[in-house]
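# Structural overview
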Amino acid sequence: MTRNPGILTAILAAAVLGTGGCAGSGAEANAPAVCESFATVQNTVTQIRNANVSENGLAAVRPYVTELLEQLNQLVADAQAQFKPQADQLRTTVDQLSASVDSARADPGAATFSAVRSAITAVGDSARALRQAISGSC
């Protein structure tokens, strides 16, 4: 079975960022930019969750995957000012996940898929740490 790493990223983002987050809407005049970025990511995750994959196949979520990846990059960029340690950690773990996925594509097997699972766990942990830090500001 061929796996789509973009879909993997979307599922990961949904699992990590989908429930909880900033208390404010991000639209408030004095809210940091990271709040708006976070709200945008959450909106796209909701769209992915609401897509009917069983009826429409993966095409139902493909339009959101690229959008989500761009939004996650913006979230990390916006978080850099206030939440640099957490944003840097998220960037590092996402880079490690990307490298693990590339390895699994090049050499599919138990060891490379295990490395992908470990990298997903690390991304989840660092994303939750960033979400928790952000939640106090929004």
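Residues numbered from 1 in each chain as written. Predicted model: local features only at pLDDT ≥ 70, side-chain atom pairs only at ≥ 80, totals over all residues. Heavy atoms only, no water.

So, about the overall build of the protein chain. Counting its secondary structure elements, the protein chain contains 5 helices and 0 strands. The secondary structure elements of the protein chain, listed N-terminal to C-terminal, are α-α-α-α-α. The buried share among the 138 residues of the protein chain stands at 36%. For the protein chain, contacts bridging at least 24 residues in sequence account for 68% of all contacts bridging at least 6. (Helix = DSSP H or I, 4+ residues; strand = E, 2+ residues; numbered from the N terminus. Buried < 20%, exposed > 50% of the residue type's maximum accessible area, 1.4 Å probe, protein only. Contact = heavy atoms within 4.5 Å.)

You can see asparagine 50 is positioned in helix α2 (residues 33–50). By relative accessible area, which is 59% here, asparagine 50 ends up exposed. When the C-alpha positions of asparagine 50 and alanine 60 are compared, they lie 9.3 Å apart, and in sequence the two are 10 residues distant.

Of all hydrophobic cores here, the largest spans 27 residues; its most connected members are Val34 and Ile134. Those elements giving two or more residues to this core turn out to be α2, α4 (62–106) and α5 (110–135). With 11 residues, the single largest contributor to this core is α4. If we ignore the near neighbours within four places in the chain, the residues touching valine 34 are Leu75, Asp78, Ala79, Gln82, Phe83 and Ile134. (Core = buried A, V, L, I, M, F, W, Y, C linked by side-chain atoms within 4.5 Å.)

Between α4 and α5, whose axes approach to 8 Å, the crossing angle comes to 170°. One element, α4, and the other, α5, form an angle in the roughly antiparallel class. Taken together, the residues that form the contact of α4 with α5 break down as 21 nonpolar, 8 polar and no charged. (Axes fitted to C-alpha atoms, helices over the stretch in contact; angles between N-to-C directions. Parallel < 35°, antiparallel > 145°, perpendicular 65-115°, else oblique. Nonpolar A, V, L, I, M, F, W, Y, C, P; charged D, E, K, R; others polar.)

For α4, spanning 45 residues, the distance from its first C-alpha to its last is only 23 Å, which falls clearly below the expected 66 Å at 1.5 Å a residue. Its maximal kink placed at phenylalanine 83, α4 deviates by approximately 140°, while the proline proline 85 follows within four residues. (Expected span 1.5 Å × (residues − 1). Bend = angle between axes of the 7 residues up to and from the residue.)

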